[in-house]
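One letter stands for each residue in the lines below.
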Amino acid sequence: MEKIDHQLADLKISKSEKFEARHPNVCSVPTPSSAFPADVAVIKLTAQFVTKNGRQFLTAITEREQGNPKLEFLIPAHPLFTYLLIHFSPTSKS
């Protein structure tokens, strides 16, 4: 530990900074200001199901829930549809 402290001192890095590990590939998606917390929860849950079950699930639920105001974000023209797409896992089924 002492060796690390000396190396940090040489680099002029304080002890508090050394514990602030940040991963450069992690990104955070800001929540749209127009979305209510309940909407965000439903969108994220839907994205989890689409990730697990594939785009066929998205197509099926979109067709089945047409006219449901709670799931309007499933319509591609809806402003929150992009927010839904952002939450898909990159390894999701096609």
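The coordinates are above.
Residues numbered from 1 in each chain as written. Predicted model: local features only at pLDDT ≥ 70, side-chain atom pairs only at ≥ 80, totals over all residues. Heavy atoms only, no water.

Engineer: Quick one: what's the story with the overall build of the chain, residue by residue and with numbers?
Structural biologist: Tallying secondary structure elements over the chain gives 5 helices and 0 strands in all. The linear arrangement of helices and strands in the chain, starting from the amino end, is α-α-α-α-α. Put simply, the chain has 94 residues, and 20% of those count as buried. For the chain, restricting intrachain contacts to residue pairs at least 6 apart in sequence, the fraction spanning at least 24 positions comes to 67%. Here the chain displays about 7500 Å² of accessible surface, and carbon together with sulfur accounts for 59% of that area. (Helix = DSSP H or I, 4+ residues; strand = E, 2+ residues; numbered from the N terminus. Buried < 20%, exposed > 50% of the residue type's maximum accessible area, 1.4 Å probe, protein only. Contact = heavy atoms within 4.5 Å. Areas by Shrake-Rupley, 256 points an atom, 1.4 Å probe, with all protein chains shown as cover.)

Engineer: Describe the pattern of salt bridges, naming the residues involved and giving the relevant values.
Structural biologist: For the coordinates displayed, the defined rule picks out 1 salt bridge. Here arginine 64 and glutamate 65 are joined by a salt bridge, their closest N and O atoms 3.2 Å apart. Looking at arginine 64, the relative accessible area reads 61%, which means it is exposed. (Salt bridge = Lys/Arg side-chain N within 4 Å of Asp/Glu carboxyl O.)

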